[in-house]
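Chains, contacts and geometry: an overview
Here is how the chains run, residue by residue.
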Amino acid sequence: TQLLEQSPQFLSIQEGENLTVYCNSSSVFSSLQWYRQEPGEGPVLLVTVVTGGEVKKLKRLTFQFGDARKDSSLHITAAQPGDTGLYLCAGTGPKKSSGDKLTFGTGTRLAVRP
Amino acid sequence: GAGVSQSPSNKVTEKGKDVELRCDPISGHTALYWYRQSLGQGLEFLIYFQGNSAPDKSGLPSDRFSAERTGGSVSTLTIQRTQQEDSAVYLCASSLIRGQPQHFGDGTRLSIL
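The following refers to the structure shown. (Residues numbered from 1 in each chain as written. Chains lettered and ligands numbered in written order. Predicted model: local features only at pLDDT ≥ 70, side-chain atom pairs only at ≥ 80, totals over all residues. Heavy atoms only, no water.)

1. Quick look at the side chain of Arg36 of chain A
All names here are of chain A. Checked against the element boundaries, Arg36 lands in strand S4 (residues 31-37). At 3.4 Å, the side chain of Arg36 and the side chain of Glu38 are in polar contact. There is a polar contact of 3.0 Å between the side chain of Arg36 and the backbone oxygen of Thr84. Every residue in contact with Arg36, bar those within four places of it in the chain, is listed here: Gly42, Pro43, Val44, Leu46, Gly82, Asp83, Thr84, Leu86 and Tyr87. (Helix = DSSP H or I, 4+ residues; strand = E, 2+ residues; numbered from the N terminus. Polar contact = N/O pair within 3.5 Å; in protein donor to acceptor, adjacent residues only side chain to side chain. Contact = heavy atoms within 4.5 Å.)

Okay, here's the thing in structure tokens:
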């Protein structure tokens, strides 16, 4: 059973466009992380959000954690070809017994055309 | 090196053979995690080590999978009697302590013929 659903699965856009990726769950998570992964490499952490309603900005990327800590979004403004990659959300929890192992989302593959 | 190092980067083996995958975590990191990334299942947790505590093995898919961590540093993931469905990228991550951000290696791509 996949606990974290991401949408869309695939996204191909033109350079300069804006986009939003969604990460949804019916479960509450202690924290939620966003990673970007390029072919042949491991995921690289972009941000961690821990408080419901929290918004974090990383240059052109804006991350939001839902008030109920069940969902998150990633918004990219004026996308660049360098943003191309696989974006993964990952949650810790929801149960204390889960420890800090990450439950990963289904992934969103983004391609930004020059 | 400064990052998590995994070896080999690629492994091709015949069905039924045993394989060992190695992970060198970042120096000083006490927590170490193994994940598996496959096309059909995405990225899944396998096993987690924290210091000298008993590992969390709840993600291991069968008793053919085992892992150990010697001296609180290097870890080895062993798959016995490999099956074609074991084909995947096996990723290792480490963190300074539990609850801190996890840093991933580039993985071992395992192909079972």
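There is more to say after this.
2. Considerations on the interface of chain B and chain A
Contacts between chain B and chain A engage 17 residues on the former and 17 residues on the latter. Where chain B meets chain A, there are one salt bridge. Note that Asp56 of chain B is salt-bridged to Lys101 of chain A, the shortest N-O span being 3.4 Å. Of all elements in the fold, only strand S4 (31-38) and strand S5 (42-50) of chain B reach the threshold of two or more residues within the side of chain B that touches chain A. The class makeup of the residues in the side of chain B that touches chain A is eight nonpolar, six polar and three charged. (Salt bridge = Lys/Arg side-chain N within 4 Å of Asp/Glu carboxyl O. Nonpolar A, V, L, I, M, F, W, Y, C, P; charged D, E, K, R; others polar.)

3. Re the packing of aromatic side chains
Considering all chains together, one arrives at nine aromatic pairs over all chains under this definition. Centroid distance Phe104 of chain A to Phe104 of chain B: 6.1 Å. Interplanar angle 75°. Geometry classified as edge-to-face. Pair noted here: Phe104 of chain A is in strand S10 (residues 102-104) and Phe104 of chain B is in strand S9 (residues 103-104), and the two residues belong to different chains. Judged by relative accessible area, Phe104 of chain B falls into the buried class, the value being 10%. Between Tyr33 of chain B and Tyr35 of chain B the ring centres are 6.3 Å apart and the planes differ by 20°, which places this aromatic pair in the stacked class. Each member of the pair, Tyr33 of chain B together with Tyr35 of chain B, is buried. Joined through ring pairs, the aromatic side chains of Tyr35 and Phe104 of chain A together with Tyr33, Tyr35, Phe45, Tyr48 and Phe104 of chain B make up one cluster. (Phe/Tyr/Trp six-rings, centres within 6.5 Å; stacked < 30°, edge-to-face > 60°. Buried < 20%, exposed > 50% of the residue type's maximum accessible area, 1.4 Å probe, protein only.)

Take it as geometry only, folks, not as evidence of what the structure does.
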